[in-house]
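Structural description and commentary
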Amino acid sequence: TGNGKGKSTAAFGVMLRAWGRGLKVVVIQFIKHNKAMFGEQVAAKRLGIEMIPYGKGFTWNSKDLSEDEALARNGWEMCKEKIHSNEYDVVIMDEITYPIKYGWIEIDEVVKNLEKRPKKVNIIITGRDAHDDLIKISDCVTRMEEIKHPYTDQGILAQKGIDY
C-alpha cells in the first residue's frame, strides 16, 4: 500500500517467483482493462499465468461509475471463487483497495473470506489506502513511500515496458 510506485510490480515479482517454483497463480486486476494489454498481461499470457482484468481504467476517467462498480463486484466474486477453489497457491488481488475504499466491496466480507481461506492459499493485495482491517489481518504489509516520481516531478510520461 502507500502512494509510492511499485506495489503491483512487487506483486508481479512474487507472481514470477511462485510460477518459477511450480505454484499455481492467478491475478485479478481491479483497475486495468484488457483492451490496452499492459506488459504484465502480455507476460502472464506467454507464461500461462491466469490474469483477469476487471476494470475500465482509472475511475477518475470514468463516465459511468456504476459500470466500474459492477466490474469491481464481479472481480470480487471471481476472487472468492479462486480463493476457495483449492486450485491456487497464490491469489493476487491487484488494486482491490480502491473498490474497498469506494464502498463497492464490503471490507467485512473481504476480511471474512481471507480469514476462511484454505491454509495453502497465499493472498497478495495491492493498492493505495489499504483499509486498517486488511492491515490488521495481514502477515506482511509494506508501505511504498513516494520520494520522487517521473510523472509529477519531471513531466516524464509513462513508458511502454517500464510503467505499463
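Structure's up top.
Presented here is an overview of the structure given in this document. None of these values were measured; they are calculated from a predicted model.

**Quick look at the overall build of the protein chain**
Helix and strand content of the protein chain: seven helices and four strands. Over its C-alpha trace the protein chain gives a radius of gyration of 15 Å, about what one expects of a compact globule, namely 15 Å for 164 residues. Dimensions of the protein chain along its principal axes, counting C-alpha atoms only, are 45 × 35 × 30 Å. When each of the 164 residues of the protein chain is scored for burial, the buried share is 40%. Counted over contacts in the protein chain with a minimum sequence separation of 6, partners at least 24 positions apart contribute 71%. Carbon and sulfur atoms make up 50% of the accessible area of the protein chain, which amounts to about 9,800 Å² in all.

**Here's the deal with unusual backbone geometry**
Phi at glutamate 95 takes a positive value of approximately 70 degrees, unusual for a residue other than glycine. Mapped onto the elements of the fold, glutamate 95 is located in the loop between strand 3 (90-94) and helix 4 (97-101). For glutamate 95, a relative accessible area of 10% corresponds to the buried category. Positive phi values are uncommon outside glycine, yet aspartate 129 reaches one of about 55 degrees. By the secondary structure assignment, aspartate 129 is in the loop between strand 4 (122-125) and helix 6 (132-137).

Basis of the calculations
Residues numbered from 1 in each chain as written. Predicted model: local features only at pLDDT ≥ 70, side-chain atom pairs only at ≥ 80, totals over all residues. Heavy atoms only, no water. Helix = DSSP H or I, 4+ residues; strand = E, 2+ residues; numbered from the N terminus. Rg over C-alpha atoms; globule rule 2.2 N^0.38 Å. Buried < 20%, exposed > 50% of the residue type's maximum accessible area, 1.4 Å probe, protein only. Contact = heavy atoms within 4.5 Å. Areas by Shrake-Rupley, 256 points an atom, 1.4 Å probe, with all protein chains shown as cover.

Limitation: the analysis is restricted to geometry and does not speak to function.
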